[in-house]
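# Understanding the architecture of this molecule
This is what each chain is made of:
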Amino acid sequence: MLLGLDMMVTVRVDPEGIPGPIDYAHILPSNVGDRGWDITTVPDSGRLNADFLELIRAIEDELSRTDRRPTLERKDRALLAAVVTGPSGPAKESLNELRALAISNDLEVAGVLVQRLKRPDPHFFIGKGKLSELVLKCTQTGAGLLIFDNELTPNQIRSLTDYTDLRIIDRSQLILDIFARRAVTREGKIQVELAQLKYLLPRLAEKNTAMSRLTGGIGARGPGETKLEINRRRARERIINLNRELEKIRQQRQDRRRLRNSRRVPVISIVGYTNAGKSTLLNTLTNSSVGAKNRLFETLDPSSRRLRFPREREVIITDTVGFIRALPKSLMEAFAATLEELHDADLLLHVVDAANPRMEEQIKTVEEILLQLDLKDIPCITAFNKADLIPPEEAISLSRFRDGVPISAVDRTTLAPLLARIENFLWNQGDQDAPTQKEIDR
Ligand SMILES: Nc1nc2c(ncn2[C@@H]2O[C@H](COP(=O)(O)OP(=O)(O)OP(=O)(O)O)[C@@H](O)[C@H]2O)c(=O)[nH]1
Ligand SMILES: [Mg+2]
């Protein structure tokens with residue numbers, strides 16, 4: 001058991017019971033020394049001349065000055081951890097994304113710790129020595145939350161929380177927590193709660209578990225502390241009810257869609273990795289103000305707008321939740337209703353963040369998810385967004401060698417080639433689909 005004690009003191013006693021040397025140990029701020037703690041030995045207990053309380057106070061002061069921001073609560077600081085078994089490149093990128101996810105969830109990242117292992121430890125997932133290091137770092141930096149980039153089993157989470165007394169979550173839970181924060185509409189909220197319950201269900205033992213930490217999420221959102229005592233049976237009942245409610249909403253959506261389809265207005269759905277600029281593009285194209293921000297999963301609830309083309313022609317364009325690598329399965333299932341709309345699309349517009357160093361991986365992830373959703377048969381135009389952030393020759397080569405159109409969603413004047421291509425596809429199918437290089441250069 002690792003406890004966050006302020007200090008530990010040992011008094012050595014000889015066989016006659018006479019006290020001898022005294023040792024005292026305490027942690028140090030991370031800017032002092034290189035191992036993070038200090039042990040002092042006083043050879044003779046009679047000569048002990050230290051004011052422990054004063055010492056602890058001084059250390060606390062120093063810790064808060066160097067490592068903690070006073071305005072933030074402890075629970076808002078998190079330490080990221082990963083066990084790496086494969087190549088280090090993808091692992092590093094994955095950790096960068098975890099950091100972005102944490103920041104998107106208003107957490108402050110206090111540090112990152114990586115351990116390379118042949119095989120994860122079956123009990124703690126991470127090696128025991130590394131775990132002690134993690135706990136020490138948490139104490140030094142005032143982090144109360146440990147986020148693993150790897151998926152942890154319910155047993156591992158339980159062992160870790162029991163051993164360290166920290167709040168421990170994994171990547172899936174972090175994503176679920178972000179979704180819980182962002183959900184606005186009734187439908188969004190139902191979907192998120194459903195996803196959280198589905199995630200929790202296999203993690204609920206029949207009796208007492210580390211449930212309070214699981215259900216609490218990071219703050220106390222979603223199915224939070226008030227439902228601390230729910231057991232499997234009640235969780236199942238809730239899932240059934242939520243599913244029923246969702247089914248009703250799904251019906252209403254279908255009715256709306258039928259009406260729309262009967263009017264024969266073509267539908268374009270924007271898809272893409274989270275933060276690629278989907279909502280920004282919708283806004284610029286249709287002069288609207290759907291929420292667009294530089295954080296992951298800004299959009300949860302889909303929105304549709306009309307987009308007018310010359311000659312009285314118009315389309316409906318929809319923006320929806322973004323995709324991410326290893327999206328928790330429970331979320332995919334719960335968001336099936338939202339994603340179902342994509343099946344009505346006449347055309348998918350895949351928005352890619354061309355300035356992101358992980359662009360290739362993100363494209364692959366989106367394509368895999370489209371395949372899983374059975375959407376691969378719907379025609380798709382790729383837009384390489386954020387072209388303003390990459391060298392012009394890179395944008396040209398993207399358009400030339402990959403079948404896509406470079407755009408900058410923040411700048412309306414860059415969208416003409418994309419619009420031309422959409423128009424061409426919708427109304428002149430059979431004609432040449434791709435805009436000419438001249439159009440792109442224009
Ligand atoms: N420089 C630049 N920034 C852009 C461009 N397009 C979008 N952004 C920025 O990228 C960030 C994300 O944009 P959003 O439109 O919210 O992205 P999204 O794909 O809707 O993201 P989610 O809803 O979170 O999945 C915002 O800060 C935008 O201002 C672009 O063409 N150039
Ligand atoms: Mg968005």
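Residues numbered from 1 in each chain as written. Chains lettered and ligands numbered in written order. Predicted model: local features only at pLDDT ≥ 70, side-chain atom pairs only at ≥ 80, totals over all residues. Heavy atoms only, no water.

To continue, consider the overall build of the chain. Looking only at helices and strands, one finds 15 helices and 13 strands in the chain. Relative to its 442 residues, the chain shows a buried fraction of 51%. Across the chain, every contact between residues at least 6 apart in sequence was considered, and the portion connecting residues at least 24 apart equals 67%. Here the chain has roughly 22400 Å² of accessible surface; of this, 50% comes from carbon and sulfur atoms. (Helix = DSSP H or I, 4+ residues; strand = E, 2+ residues; numbered from the N terminus. Buried < 20%, exposed > 50% of the residue type's maximum accessible area, 1.4 Å probe, protein only. Contact = heavy atoms within 4.5 Å. Areas by Shrake-Rupley, 256 points an atom, 1.4 Å probe, with all protein chains shown as cover.)

Let us now look at helix α12 (residues 359-372). Residues lying three or four places apart along an α-helix face the same way, a consequence of the helix completing one turn every 3.6 residues. Taking 1.5 Å as the rise per residue, α12 with 14 residues should run 20 Å; its terminal C-alpha atoms sit 20 Å apart, in good agreement. Turning to α12, its buried residues are M359, Q362, I363, T365, V366, I369 and L370. Around the axis of α12, the buried residues are gathered within 160 degrees of arc, so they sit on the same side. Of the residues in α12, the exposed ones pointing more than 90 degrees away from the buried face are K364, L371 and Q372. Looking at the buried positions of α12, the neighbouring elements they touch are β8 (267-272), α10 (329-334), β11 (347-353), β12 (380-385) and α13 (392-401). Phi for D374, located one or two positions after α12, is positive at around 65 degrees. (Expected span 1.5 Å × (residues − 1). Arc of directions from axis to C-beta.)

So, about the environment of I390. Mapping I390 onto the fold places it in the loop between β12 and α13. For I390, a relative accessible area of 10% gives the class buried. Spatially, the C-alpha atoms of I390 and A354 are 7.5 Å apart, while their sequence positions differ by 36 residues.

Here we come to the site of ligand 1. Taken together, the neighbourhood of ligand 1 is formed by 23 residues, with K278, T280, E298, T299 and D388 sitting nearest. When ligand 1 is considered free in solution it has 660 Å² of accessible area, and contact with the protein chains removes 88% of it. Ranked by residue count, the leading element in the shell around ligand 1 is helix α9 (residues 278-286), at 3 residues. Tallied by class, the residues present in the shell around ligand 1 amount to 7 nonpolar, 10 polar and 6 charged. (Near = heavy atom within 4 Å. Nonpolar A, V, L, I, M, F, W, Y, C, P; charged D, E, K, R; others polar.)

Right, let's get into the coordination of the magnesium ion (ligand 2). S279 (OG) and T299 (OG1) make up the full set of protein donors to the magnesium ion (ligand 2), lying at 1.9 to 2.1 Å. Here S279, found in helix α9, pairs with T299, found in the loop between α9 and β9 (303-309); they are 20 residues apart in sequence, far enough to count as distant. An identical accessibility class is assigned to S279 and T299; each is buried. (Donors = N, O, S within 2.8 Å, 3.2 Å for Na, K, Ca; no water.)

Turning our eyes to something else, we now look at the pairing of β9. In terms of strand pairing, β9 meets strand β10 (residues 313-319) through 7 bridges, oriented antiparallel. Among the inter-strand pairings, F309 is bridged to a residue of β10, identified as R313. Counted between consecutive antiparallel strands, the loop separating β9 from β10 contains 3 residues, among which R311 sits at a positive phi close to 60 degrees. (Pairing = 2+ DSSP bridges.)

With that out of the way, let us pick up the packing of aromatic side chains. This structure, assessed with the given rule, holds 5 aromatic pairs. Ring geometry for F124 and Y163: centres 4.8 Å apart, planes at 40 degrees, overall tilted. Of the two residues, F124 is situated in the loop between β5 (108-116) and α3 (128-141) and Y163 in helix α4 (residues 154-164); the sequence distance between them amounts to 39 residues. (Phe/Tyr/Trp six-rings, centres within 6.5 Å; stacked < 30°, edge-to-face > 60°.)

When the pLDDT values of the chain are averaged, the result is 82; 85% of them are 70 or greater. The low-confidence segment residues 206-213 (pLDDT under 50) makes 17 contacts with residues lying over four places distant or belonging to another chain. (pLDDT = per-residue confidence, 0-100.)

Counting residues in hydrophobic clusters, the biggest one holds 54 residues, and the most contacted among them are I147, F179, F297 and F335. Of all the secondary-structure elements, those providing two or more residues to this core are β4 (77-84), α2 (88-104), β6 (145-148), α5 (171-182), α6 (186-200), α8 (232-262), α10 and α12. With residues up to four places along the chain from it excluded, the contact list for F335 reads F179, Q191, V192, L300 and V321. Within the second largest apolar cluster, 24 residues are counted, among which are A276, L347, A409 and I422. (Core = buried A, V, L, I, M, F, W, Y, C linked by side-chain atoms within 4.5 Å.)

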